[in-house]
Amino acid sequence: MRILGIETSCDETAAAVVEDGHTVLSDVVVSQIDIHKRFGGTVPEIASRSHLETLLPVIEEALERASLRFADVDAIAVTHQPGLIGALLVGVAAAKTLALALDLPLIGIHHIAAHIYASWMQSPTRPEAPFVSLVVSGGHTTLFRMDDPFTAVEIGSTIDDAVGEAFDKVATVLKLGYPGGPIVDTMAKGGDPKRFPFKSPLLKKDGLDFTLSGIKTAVLYLVNGMNVRKEALPLTEANVKDVCASFQHQVVEALVRGTMNAVATCGASAVVVGGGCAANSQLRERFTQECERRGLGLHLPSRRLSTDNAVMVAGLAFHKFHRQGADDLALDAVAS
Ligand code: KG4
Ligand code: ZN
């Protein structure tokens, strides 16, 4: 079964064709980063307009790269929640139109479920249930207990900002550009992670919830000189690297610890990490070490499938269709 997937929930316009949930026939992602970066973040109205201009050429490109025509596609899948409402509406309207015109099943996909699926869609084995999923992206920092590979029950989350949001904010404070995650990741490599002992973003040592606003503000005060140091921190290369390394160290350690607390709570035997921040080098290294040490299975998406894409949408749709059937044309975009 060949499914055409569409993803427009934030600032990536993406389309992909995936066969039987696993074989990627094409994968096209057009990022709007260059459009939004002068504003220091995604501007929702501009994102919607840009999806409108880009989506049809992106879909055509996905078919062309797969050497397929519309007639060769068996179903249309689309991210319909959560995300920016205007951005989601563009994808949902396009998907409904295609499904109606081509008389194909329409499958609505939850973006977070797709991020979880991306972590194991290309591995030879499914994670063994019960397992724990951590989704860390620009909009989410959430822990789930999974009693089967497709059913997620939320057991912990951030009480304020998402991890990706904090990375982006720290990069802005350090004048490193947007989006900050990949830049902070690179800068942290040469820095001293112990130089600035920021407070852990894990709310309680043995808990499952996180708080990112404190560490974000601590970086702001450190750089602008608003704490006891009084003086601003000169943004020399060495200082910037140390701030990035110290911030990233605390965030990654909090995520590892919170996830291991969840593993203990659920009696889980495997861990899945998904979302844009799963591309972070230190996060990948630390989860690999910690899961190896505890004999836990670990599923991480490739870096390509960590950030927003339509492969995970088309892939998950295959399983959803076989479990629940298609959605009807009343499928709606839902922001949260
Ligand atoms: O999943 P995603 O593409 O979009 C949302 O659903 O939000 O995640 C985007 C987030 C951004 O905040 C970006 O800075 C972060 O993922 N990110 C990273 C890295 N690559 C992307 N964060 C840390 N390290 C990275 N290497
Ligand atoms: Zn995402």
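Parameters at a glance
Residues numbered from 1 in each chain as written. Chains lettered and ligands numbered in written order. Predicted model: local features only at pLDDT ≥ 70, side-chain atom pairs only at ≥ 80, totals over all residues. Heavy atoms only, no water. Domains from an automatic or database assignment. Contact = heavy atoms within 4.5 Å. Buried area = accessible area lost by both parts, 1.4 Å probe. Salt bridge = Lys/Arg side-chain N within 4 Å of Asp/Glu carboxyl O. Helix = DSSP H or I, 4+ residues; strand = E, 2+ residues; numbered from the N terminus. Nonpolar A, V, L, I, M, F, W, Y, C, P; charged D, E, K, R; others polar. Expected span 1.5 Å × (residues − 1). Buried < 20%, exposed > 50% of the residue type's maximum accessible area, 1.4 Å probe, protein only. Axes fitted to C-alpha atoms, helices over the stretch in contact; angles between N-to-C directions. Parallel < 35°, antiparallel > 145°, perpendicular 65-115°, else oblique. Left-handed = near helix turned anticlockwise from the far one by under 90°. Pairing = 2+ DSSP bridges. Near = heavy atom within 4 Å. Polar contact = N/O pair within 3.5 Å; in protein donor to acceptor, adjacent residues only side chain to side chain. Areas by Shrake-Rupley, 256 points an atom, 1.4 Å probe, with all protein chains shown as cover.

Our next topic: the domain arrangement of the protein. Taken domain by domain, the protein consists of domain 1 (2–116 + 306–324) and domain 2 (124–300). Taken over C-alpha atoms, the centre of domain 1 sits 27 Å from the centre of domain 2. At the junction of the two partners, domain 1 supplies 15 residues and domain 2 supplies 19 residues. For the pair domain 1 and domain 2, the summed buried surface comes to about 1300 Å²; carbon and sulfur atoms form 72% of the total. Taken as a group, Ile112, Ile116 and Ser306 account for 41% of the area that domain 1 buries against domain 2, more than any other trio of residues on that side. Connecting domain 1 to domain 2 are one salt bridge. In this structure, Arg323 engages Asp148 in a salt bridge whose closest nitrogen and oxygen atoms are separated by 3.9 Å. Counting only elements with at least two residues in the side of domain 1 that touches domain 2, the list comes to helix H4 (111–118) and helix H11 (311–324). Taken together, the residues of the side of domain 1 that touches domain 2 sort by class into five nonpolar, seven polar and three charged.

The end-to-end C-alpha distance of helix H8 (residues 237–266) is 43 Å, a good match for the 44 Å that 30 residues give at a rise of 1.5 Å each. The buried count for H8 comes to 23 of 30 residues, which makes it a mostly enclosed element.

This part is about the pattern of salt bridges. Under the criterion given, the structure shown has 17 salt bridges. The residue Arg286 makes a salt bridge to Glu290 at a minimum N-O spacing of 3.4 Å. Highlighted residues: Arg286 and Glu290, both in helix H9 (residues 281–294), separated by four residues, approximately one helical turn. A residue is classified by how much of its surface remains accessible, and Glu290, at 8% relative accessible area, is buried. A salt bridge links Arg294 to Glu290; the nearest nitrogen and oxygen atoms lie 3.1 Å apart. With Arg294 and Glu290 both in helix H9 and four residues apart, this pair spans about one turn of that helix.

With that settled, the discussion passes to the packing of helix H7 (residues 213–224) against H8. The geometry of H7 relative to H8 is characterised by a closest axis approach of 11 Å and an angle of 165° between their N-to-C directions. Accordingly, the angle class assigned to the pair H7 and H8 is roughly antiparallel. In this structure, H7 crosses over H8, and the sense of that crossing is right-handed. The residues of H8 that touch H7, namely those facing Ile215, Val219 and Leu222, are Val243, Phe247, Gln250 and Val251. Split into classes, the residues belonging to the contact of H7 with H8 amount to six nonpolar, one polar and no charged.

Pairing within the open sheet is mixed, and its five strands lie in the order E8-E7-E6-E9-E10. Two strands close off the open sheet at either side, each with one partner strand: strand E8 (151–157) and strand E10 (297–299). Neighbouring strand axes in the sheet, compared pairwise and without regard to direction, differ in orientation by 25° on average. Alignment of strand E7 (residues 141–148) against E8, held across six bridges, turns out to be antiparallel. When the sheet's bridge partners are listed, Met146 is paired in E8 with Ala152. This element, H4, spans strand E6 (131–136), E7, E8 and strand E9 (270–274) of the sheet and lies at about 115° to E6.

Close to ligand 1 lie 19 residues; Gly138, Asp168, Asp185, Gly276 and Asp308 are nearest. With respect to ligand 1, the side chain of His111 contributes an N or O atom lying 3.1 Å from an oxygen atom. Between an oxygen atom of ligand 1 and a main-chain N or O atom of Gly138, the distance comes to 2.8 Å. In isolation ligand 1 offers 560 Å² of accessible surface; the protein chains occlude 89% of this area. Only H4, helix H5 (163–173) and helix H6 (180–188) provide two or more residues apiece to the shell around ligand 1. For the shell around ligand 1, the class distribution of residues is five nonpolar, 11 polar and three charged. Two domains each provide a minimum of three residues to the shell around ligand 1, namely domain 1 (2–116 + 306–324) and domain 2 (124–300).

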